[in-house]
Structures are given as structure tokens and as C-alpha cells.
Amino acid sequence: MAAPLGSVRAMASGSGVRAGSVKNSSRGRAFPASSRGRKSAAVLAKLQKPSEMAVTPSASVSAAAYLDVVARIARAAQAAGRTAADVTLVAVSKTQPWEAVAPVLAAGQTVFGENRVQEAMERWQGRTNGLTLHLIGPLQSNKAKEAAAFFDVIETLDREKLARVLAEEIQRQGRAPKLYVQVNTGEEPQKAGVIPAEADAFIAAARRTYGLELEGLMCIPPADEPPGPHFALLGKIAARNGLAKLSMGMSDDFETAIRFGATSVRVGSAVFGARRRP
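As a further point, take the confidence of the model for the protein chain. Any residue range with low pLDDT should be treated as having predicted coordinates unsuitable for detailed reading. When pLDDT is averaged along the protein chain, the result is 85, and 78% of the positions lie at 70 or above. The secondary structure element of the protein chain with the lowest average pLDDT is helix 1 (residues 33–47), at 42, and the one with the highest is strand 7 (residues 245–247), at 99. Note that residues 1–55 has pLDDT below 50 and, in this model, 123 contacts with residues that lie over four places away or in other chains.

Right, dumping it as C-alpha cells:
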């Protein structure tokens, strides 16, 4: 039996540094399944202007597509011997207009992914109550201050300079987003991420040298290769480094990712349709 909508849960924001390094604080929190949709709708009604409340064809499409993705996650989890509560849906709202995002928020989704710091701040400023925001795009060191202050989860830690700057900002701000290391499993030169052969050493340095508490790993497999082996590789790296969270799988392969143990999937076009180019 498919799990209820609320079982695809929000990830609670939390620590990103070693216990004892700093007092952790966070903006977002996970809601119980029974109340999440109601709270999201209330937040939406409070924050939207009257013109934003109008129901449009694109809004109806977004809501229906979102519910379909939620159902597919539940089926994939069940097929893998897991539950929908084991998998967090990160709805990738990057470049999407608010009229496409609003109905998904109203339908109960509370976890969203963004690629760029500035774009995310413009979209979500004043609308973050009860939400969990993930940065899933590359992070420049000079944007680390804003990212650490605004996001609940940063999934793209991939170099020592960024680890150092984030550690400094976490200590200075007293606010610790959850951190994922991005692994470039396909060793593609055009993509960010630590290559697999260097992942163990980087994880150790992030922990020991910079005092960062890591949540998990993230990967984006090559588009022209089967994703399964890449998901399996990420799982092995995570297991030997004591990391429980795996962010892997997007619109075309999230069901495969769930089979390989994904704890969160980043789904954009399957929910919102094709991305609007900036």
C-alpha cells in the first residue's frame, strides 16, 4: 500500500560542525505528516499576494505532477523493501516562476532545492517559515557567507578552500547548515565534485582539519551512462566513511536511485516541467 503524502518527509535542518564546536541552530524543521500540508497551505496563504493565488493551467499541472512524483517515490521505496518515509523529495525549484512553485508548496511540499544563492534569496526571502532549503548547485567561496546564513542544507562541498571558508562562517554565525560532499563519480572535467579516489582523504580533512560535521554524499552521474553503478559507488564511499545520507537521483533516474539506497532525490522537471532558462 502506498504511503500517505506526508510520508515523503522534509529533512530537518541541523548541525554542520562537530559537536561542541558551536551551538547549532536552524530555521527549518520537519513537520509531522498529519500537519505538514495544512501548515504549508497556511504559510502560502499568508505570504502570497492576491494575484498569486489565482489558479492557472500551469499551476494545476504542477500540482498534479508533484502528486504523481510523490506516488512514484512511494512505489519505488516499497519495491526496494523500504518506506516512503525513508526518502526525502527535494523539489528543485531553480529558475521556476512562483506560479509553478506555489501550488507544489500548497500541496504539502516543504523541501526545495536551488542552484544559485542569489536566485534562491530572491525567490524565498520572507517565505522560508517551515521550509527546508537545499543548495544543490556549485558554491563559490565568496558566496559561502550568504549560503551558510540562508540555506538549511548545502550539498556541494567539494574542495578544501570551501571547507575552510564554511567552517569559519559557521563558527562566526553560530548557524550550521547540514553539509554533503559532492562526489564526481564519473570524473567528468566539466562537473564539480571530488573524484572517488580522493573522496576518503577529503572527507577526513573536512572533519579533522576543519571540524565540519558531514551529513552525507551527493552525486550527479554522467548523462550518457547507466546511473546504477554510480549510485552503488557513492553508497560504498558513504558506508566506509560512516555517512548515512545519500542525495542521488533526479527526474530521469530517481526510482533507480531509491533502489540503490538514496535518502533524498532531487526532482525538478518531473514536478515543474522544463526549466525556465535564466
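Turning next to the pattern of salt bridges. On inspection of all chains with the given rule, the structure shows 10 salt bridges. In this structure, Glu-119 and Arg-123 form a salt bridge, with 2.5 Å as the shortest nitrogen-oxygen distance. One end of the pair, Glu-119, and the other, Arg-123, are both in helix 4 (residues 117–124), four residues apart, so they sit about a helical turn from each other. Per residue, the accessibility class of Glu-119 equals that of Arg-123, and both read buried. Ionic pairing is found between Glu-168 and Arg-164, a salt bridge with its closest N-O pair at 3.5 Å. Placement of the pair is Glu-168 and Arg-164 together in helix 6 (residues 160–173), with a separation of four residues, close to one helical turn.

Okay, the nonpolar core next. Counting residues in each nonpolar core, the largest one holds 64 residues, and the members touching the most others are Phe-112 and Leu-217. Contacts of Phe-112, omitting those with residues within four sequence positions, involve Val-90, Ala-91, Ser-93, Val-101, Val-104, Leu-105, Trp-124, Leu-131, Thr-132, Leu-133, His-134 and Phe-272.

Analysis parameters
Residues numbered from 1 in each chain as written. Predicted model: local features only at pLDDT ≥ 70, side-chain atom pairs only at ≥ 80, totals over all residues. Heavy atoms only, no water. pLDDT = per-residue confidence, 0-100. Helix = DSSP H or I, 4+ residues; strand = E, 2+ residues; numbered from the N terminus. Contact = heavy atoms within 4.5 Å. Salt bridge = Lys/Arg side-chain N within 4 Å of Asp/Glu carboxyl O. Buried < 20%, exposed > 50% of the residue type's maximum accessible area, 1.4 Å probe, protein only. Core = buried A, V, L, I, M, F, W, Y, C linked by side-chain atoms within 4.5 Å.

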